[in-house]
Amino acid sequence: MIKDQINALYEDMVAVRRDLHQHPELAFQEIRTAGVIAAELRRLGFTVEEGIAVTGVIGMLDSGRSGKTLLLRFDMDALPVIEATDLAYCSNHPGVMHACGHDGHVAVGLAIASILSENKDSLQGRVLMLFQPAEEGSGTGILKTTGGAEAMILAGVLQKYAPDEAVAAHLWNGIPTGEVVIHAGAIMAGADQIQITVNGRGGHGAQPQLTADPVLAGAQILAALQSIVSRNVSPQDTVVISITMFHAGEAVNVIPAKAVLQGTMRTFGQASHELIARRITEVATQVAGAMGCTADVQINRIAPAVENSARVCDEIHKAVIRHAPHLNIDTNKILMVSEDMAFFLQKIPGCYILIGAGGTQPGSLHGHHHPGFTFDEEAMRHAVLALAGYALDVLST
Ligand SMILES: [Zn+2]
Ligand SMILES: [Zn+2]
């Protein structure tokens, strides 16, 4: 029974999570974390490849019998957040914090690796435990470089190992402990960064008639962009446009020559992505033109939507009912956040599930990326039950 195996591993899993929580590492710098993972996978009899896309690790367990190759994906990076919890195991690295629960994901991954290795003799096919860097991306602003999933794909891991299916889970505080979300179709939105540079003509703050004011044009653009969701998008479509940065000017008596607006858009599906990108460009350039300015619009894709395969969702659903009948399954929840697991699911069928980690009192724990974030560790047990249960079902002889 997996349940008994998890009970035996639970204390170790919590210890691993707390150790990683004390030693958080930012995107593409997860050197200590990757070392902990590689050593444990080797101890469990996996063939290990390290240093993929800087810090990525893959452990392969080959049963020696023909069958599917199943990829289980985990992220391991922390965030540039100053931790404000009173946990005994709070971050030792000032300004860096596991504020998204990826410490828990690594601990869950290693517990699953242990269970699969214990059951190796009854498996067919191969298991790939993939630990990726930089799920949170590797920087800020429009010049953000690719995150870890895309980087590992570009490093050739899918060609090299040829997985048939890919699955992953996120411990999620917005969902109570004891609930699991298995949603066929798009579960998380695609995300793009928006940057609008408004170019005008600067001058004296007391002589606006001699200028083309990019601050005023930027303000009009900012307000007009909010009409896109309310007036161009179907009320049945789910879209977000948020302008989150507006930078202009350096002196109270100078009208600047330039204003820069930045923000994010979230969409599901190609058609609404194209519509929003086109309308942002039209609104920004034409409003700027009406104000005597010009606008240069850049829209850069961070990640596409996370698209779950209905067939794989169905298999995970059955596995959760079988191995964890005490968990509640929600099949109809989507999130507007994005996830670079989307890049794996663009290439191979699979499923990304959410594991409720918010405790039993709704709203009692802070949300993800908050300085006070922590999650209910009990949820790690549920993540192991769901993913290890699924792997054992799919690969059992
Ligand atoms: Zn996050
Ligand atoms: Zn996360």
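Keep in mind it's a predicted model, so treat the numbers as computed, not measured.

**Some details on the pairing of strand S4 (residues 126-132)**
Phase 1 of the analysis: Within S4, seven of the seven residues are buried, which leaves the element mostly enclosed by the surrounding structure.
Phase 2 of the analysis: As judged from the six bridges shared by strand S2 (residues 56-62) and S4, these two strands associate in the antiparallel manner. Across the sheet, Val-57 pairs through a bridge with Phe-131, a residue of S4.
Phase 3 of the analysis: Bridge count for strand S3 (residues 69-75) against S4 is seven bridges, and the pairing is parallel. Residue pairing for S4: Leu-70 is matched across the bridge by Val-127.
Phase 4 of the analysis: In terms of handedness, the path from S3 via helix H3 (residues 102-118) over to S4 forms a crossover that is right-handed.

**Brief notes about the domain arrangement of the protein**
Phase 1 of the analysis: The assigned domain composition of the protein is domain 1 (2-188 + 305-395) and domain 2 (190-302).
Phase 2 of the analysis: Taking the mean C-alpha position of each, domain 1 and domain 2 sit 37 Å from one another.
Phase 3 of the analysis: Across the contact, 13 residues belong to domain 1 and 15 residues belong to domain 2.
Phase 4 of the analysis: The contact between domain 1 and domain 2 buries some 1100 Å² in all, and 62% of this surface belongs to carbon and sulfur atoms.
Phase 5 of the analysis: The interface formed by domain 1 and domain 2 contains zero salt bridges.
Phase 6 of the analysis: On inspection of domain 1 and its partner domain 2, the count reaches one residue pair in polar contact (both at pLDDT 80 or more).
Phase 7 of the analysis: At three residues, strand S7 (residues 185-188) tops the list of elements feeding residues into the side of domain 1 that touches domain 2.
Phase 8 of the analysis: Split by residue class, the side of domain 1 that touches domain 2 holds 10 nonpolar, two polar and one charged.

**Here we look at the coordination of the zinc ion (ligand 1)**
Phase 1 of the analysis: With distances of 2.0 to 2.3 Å, the protein atoms coordinating the zinc ion (ligand 1) are Cys-100 (SG), Glu-136 (OE) and His-369 (NE2).
Phase 2 of the analysis: Site description for the zinc ion (ligand 1): donor spacing in sequence, C-x35-E-x232-H.
Phase 3 of the analysis: Between the zinc ion (ligand 1) and the zinc ion (ligand 2), a spacing of 3.2 Å is present, and a bridge between the two is formed by Cys-100. In this pair, Glu-136 sits in the loop between S4 and helix H4 (148-154) while His-369 sits in the loop between strand S16 (350-356) and helix H10 (378-395), placing the two residues 233 residues apart along the sequence.
Phase 4 of the analysis: According to the relative accessible area criterion, His-369 is partly exposed, its value standing at 39%.

**Considering the environment of Gln-193**
Phase 1 of the analysis: Residue placement: Gln-193 occurs in strand S8 (residues 190-199).
Phase 2 of the analysis: On the basis of relative accessibility, which here comes to 15%, the residue Gln-193 falls in the buried class.
Phase 3 of the analysis: Measuring from C-alpha to C-alpha, the distance between Gln-193 and Val-283 comes to 16 Å, with 90 residues separating the pair along the chain.

**Points about the coordination of the zinc ion (ligand 2)**
Phase 1 of the analysis: Looking at the zinc ion (ligand 2), the protein donor atoms are Cys-100 (SG), His-102 (NE2) and His-170 (NE2), and they sit 2.1 to 2.3 Å from it.
Phase 2 of the analysis: Going along the chain, you hit the donors of the zinc ion (ligand 2) in the pattern C-x1-H-x67-H.
Phase 3 of the analysis: Overall, the relative accessible area of 0% leaves His-102 in the buried class.

**Things to note about the packing of aromatic side chains**
Phase 1 of the analysis: Under the criterion given, the structure shown has two aromatic pairs.
Phase 2 of the analysis: A ring pair is formed by Phe-74 and Phe-131, whose centres lie 5.2 Å apart and whose planes are at 25°; its orientation type is stacked. Here Phe-74, found in strand S3, pairs with Phe-131, found in strand S4; they are 57 residues apart in sequence, far enough to count as distant.
Phase 3 of the analysis: A relative accessible area of 3% means that Phe-74 is categorised as buried.
Phase 4 of the analysis: Between the aromatic rings of Phe-373 and Phe-375, the centroid separation amounts to 6.3 Å while the plane-to-plane angle is 45°, which identifies the pairing as tilted. Neither Phe-373 nor Phe-375 differs from the other in exposure class; each is buried.
Phase 5 of the analysis: Sitting over the face of the ring of Tyr-10, Arg-381 holds its NZ or CZ atom 4.0 Å from the ring centroid.

**Focus: unusual backbone geometry**
Phase 1 of the analysis: One non-glycine residue with positive phi stands out, namely Ala-134, at about 50°.
Phase 2 of the analysis: Within the secondary structure, Ala-134 is located in the loop between S4 and H4.
Phase 3 of the analysis: One non-glycine residue, His-369, lies in the positive phi region at around 75°.

**Let's talk about helix H1 (residues 2-22)**
Phase 1 of the analysis: Taking 1.5 Å of rise per residue, 21 residues should cover 30 Å, and H1 covers 29 Å from first to last C-alpha, within 8% of that figure.
Phase 2 of the analysis: Along H1, the sharpest change in direction is near 50° and occurs at Leu-9.
Phase 3 of the analysis: Those residues of H1 lying buried are Ile-2, Gln-5, Ile-6, Leu-9, Tyr-10, Met-13, Val-14, Arg-17, Leu-20 and His-21.
Phase 4 of the analysis: Along its buried surface, H1 packs onto helix H2 (31-43), H3, helix H8 (310-323) and H10.

**Focus: the pattern of salt bridges**
Phase 1 of the analysis: Summed over the entire model, instances satisfying the criterion amount to 21 salt bridges.
Phase 2 of the analysis: Here Glu-179 ties to Lys-333 by a salt bridge, and the two come within 3.9 Å at their closest N and O atoms. Of the two residues, Glu-179 sits in strand S6 (residues 179-181) while Lys-333 sits in the loop between strand S15 (328-330) and helix H9 (341-347), which places them 154 residues apart along the sequence.
Phase 3 of the analysis: Note on Lys-333: relative accessible area 26%, which makes it partly exposed.
Phase 4 of the analysis: Three or more residues joined by partner-sharing salt bridges are found here, namely Arg-17, Arg-18, Asp-103 and Glu-377.

**Here's the deal with the environment of Ala-8**
Phase 1 of the analysis: With respect to the secondary-structure elements, Ala-8 resides in helix H1.
Phase 2 of the analysis: In sequence terms Ala-8 and Ala-217 are 209 residues apart; their C-alpha atoms lie 63 Å from each other.

About the thresholds
- Residues numbered from 1 in each chain as written.
- Chains lettered and ligands numbered in written order.
- Predicted model: local features only at pLDDT ≥ 70, side-chain atom pairs only at ≥ 80, totals over all residues.
- Heavy atoms only, no water.
- Buried < 20%, exposed > 50% of the residue type's maximum accessible area, 1.4 Å probe, protein only.
- Helix = DSSP H or I, 4+ residues; strand = E, 2+ residues; numbered from the N terminus.
- Pairing = 2+ DSSP bridges.
- Right-handed = clockwise from strand over helix to strand, strands pointing away.
- Domains from an automatic or database assignment.
- Contact = heavy atoms within 4.5 Å.
- Buried area = accessible area lost by both parts, 1.4 Å probe.
- Salt bridge = Lys/Arg side-chain N within 4 Å of Asp/Glu carboxyl O.
- Polar contact = N/O pair within 3.5 Å; in protein donor to acceptor, adjacent residues only side chain to side chain.
- Nonpolar A, V, L, I, M, F, W, Y, C, P; charged D, E, K, R; others polar.
- Donors = N, O, S within 2.8 Å, 3.2 Å for Na, K, Ca; no water.
- Phe/Tyr/Trp six-rings, centres within 6.5 Å; stacked < 30°, edge-to-face > 60°.
- Lys NZ or Arg CZ within 6 Å of the ring centre and 35° of its normal.
- Expected span 1.5 Å × (residues − 1).
- Bend = angle between axes of the 7 residues up to and from the residue.

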